[in-house]
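Fold and contact review
Here is how the chains run, residue by residue.
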Amino acid sequence: MNGYIGKQAKKIRSETIKSLLAEVRISRKWKKAFAEKFPEFNSIEGSSILSAGAGGRSHDPRLLECSEEFVKWVKETKPEWYVEALNKSNE
């Protein structure tokens, strides 16, 4: 990860996860969609990791990888829950 190690890398990962998930958190349905796309997060523990990541409290490398893929997928496919939330926020 760009040559960063230790605490610095953890901080960068957690900030990146938080900012990525902030892009799709306009609807509560994002968590369900995330868990459907990445079944390893479809559990109590996985939900806890997602919540921590959205709050900037997780530096899990797998969560970072999945978050990048999920945000890209949401922006490309524009699922119904995302479009509805965007429309409501623009009203």
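For the structure, check the block above.
Along every chain, residues carry numbers that run from 1 in the direction the sequence is written. pLDDT decides what is reported in this predicted model: residues at 70 or higher carry local features, side-chain atom pairs at 80 or more are listed and counted, and totals for whole chains, interfaces and linings draw on all residues regardless. The side-chain figures draw on all heavy atoms in the structure; neither hydrogens nor water molecules are used.

1. Re the overall build of the protein
Each helix is a run of H or I in the DSSP string that is no shorter than four residues. Each strand is a run of E no shorter than two, and both are numbered from the N terminus. Regarding its fold elements, the protein presents five helices and zero strands. Its helices and strands in sequence order give the protein the pattern α-α-α-α-α, from N to C terminus. Only the C-alpha atoms count toward the radius of gyration. The rule for a globule is 2.2 Å times the residue count to the power 0.38. Compactness check: the protein gives a C-alpha radius of gyration of 13 Å against a globular reference of 12 Å for 91 residues, within 12% of the reference. If you line up the protein on its principal axes, its C-alpha atoms span 45 × 25 × 20 Å. Burial status across the protein gives 34% buried among its 91 residues. Residues count as neighbours in contact if any of their non-hydrogen atoms are within 4.5 Å of one another. Restricting the contact set of the protein to residue pairs at least 6 apart, pairs at least 24 apart contribute 66%. Values of accessible area rely on a 1.4 Å probe in the Shrake-Rupley scheme; residue burial ignores everything except the protein chains shown. For the protein, the accessible area works out to roughly 6000 Å², and carbon and sulfur atoms hold 49% of it. In this scheme, a residue with accessible area under 20% of its type's maximum is buried, one over 50% is exposed, and one in between is partly exposed, where area comes from a 1.4 Å probe on protein chains only.

2. Considerations on the nonpolar core
The set of buried Ala, Val, Leu, Ile, Met, Phe, Trp, Tyr and Cys residues whose side-chain atoms join them within 4.5 Å is what this entry labels a nonpolar core. Of all hydrophobic cores here, the largest spans 19 residues; its most connected members are Val24, Trp30, Phe34, Phe41, Phe70 and Trp81. Mapped by element, the contributors of at least two residues to this core are helix 1 (6-22), helix 2 (30-37), helix 3 (44-54), helix 4 (61-77) and helix 5 (80-89). Counting residues per element, this core draws most heavily on helix 4, at six residues.

3. Thoughts on helix 2
When we look at burial in helix 2, the residues that qualify are Trp30, Ala33, Phe34 and Ala35. Next to the buried residues of helix 2 lie helix 1, helix 3, helix 4 and helix 5.

4. Examining the packing of aromatic side chains
By convention, a stacked pair of Phe, Tyr or Trp rings (six-membered ring in the case of Trp) has centres within 6.5 Å and planes under 30 degrees apart, an edge-to-face pair has planes over 60 apart, and any other such pair is tilted. Counted by the stated rule, this structure contains seven aromatic pairs. Here Phe34 and Phe38 contribute two aromatic rings whose centre-to-centre distance is 5.1 Å and whose plane-to-plane angle is 45°, an arrangement assigned as tilted. Its relative accessible area of 5% is what places Phe38 among the buried residues. Measuring from ring centre to ring centre gives 6.4 Å for Phe70 and Trp81, while their planes differ by 10°; the resulting arrangement is stacked. With Phe70 in helix 4 and Trp81 in helix 5, this pair connects stretches of sequence that are 11 residues apart. Overall, Trp81 belongs to the buried group, its relative accessible area being 12%. An aromatic cluster of three or more residues is present, and its members are Trp30, Phe34, Phe38, Phe41, Phe70, Trp73, Trp81 and Tyr82.

5. Remarks on the side chain of Ser67
Among the structural elements, Ser67 can be located in helix 4. Apart from the residues within four sequence positions on either side, Ser67 is in contact with Ile17, Leu20, Leu21 and Phe34.

6. What about the packing of helix 1 against helix 3?
Across the interface, helix 1 lies against helix 3 with an axial gap of 7 Å and an inter-helix angle of 95°. As the angle between them shows, helix 1 and helix 3 are arranged roughly perpendicular. Residues Ile17, Lys18 and Leu21 of helix 1 form the contact with helix 3, whose participating residues are Leu50, Gly53 and Ala54. Residue composition of the contact of helix 1 with helix 3, grouped by class: four nonpolar, one polar and one charged. Angles shown run from 0 to 180 degrees and are taken between the N-to-C directions of axes, each axis being a line fitted to C-alpha atoms and, for helices, limited to the stretch in contact. With respect to orientation, any angle under 35 degrees is reported as roughly parallel, any angle over 145 as roughly antiparallel, any angle of 65 to 115 as roughly perpendicular, and every other angle as oblique. Each residue gets one of three labels, nonpolar for Ala, Val, Leu, Ile, Met, Phe, Trp, Tyr, Cys and Pro, charged for Asp, Glu, Lys and Arg, and polar for the others, Gly among them.

Don't take any of this as a statement about function, it's just geometry.
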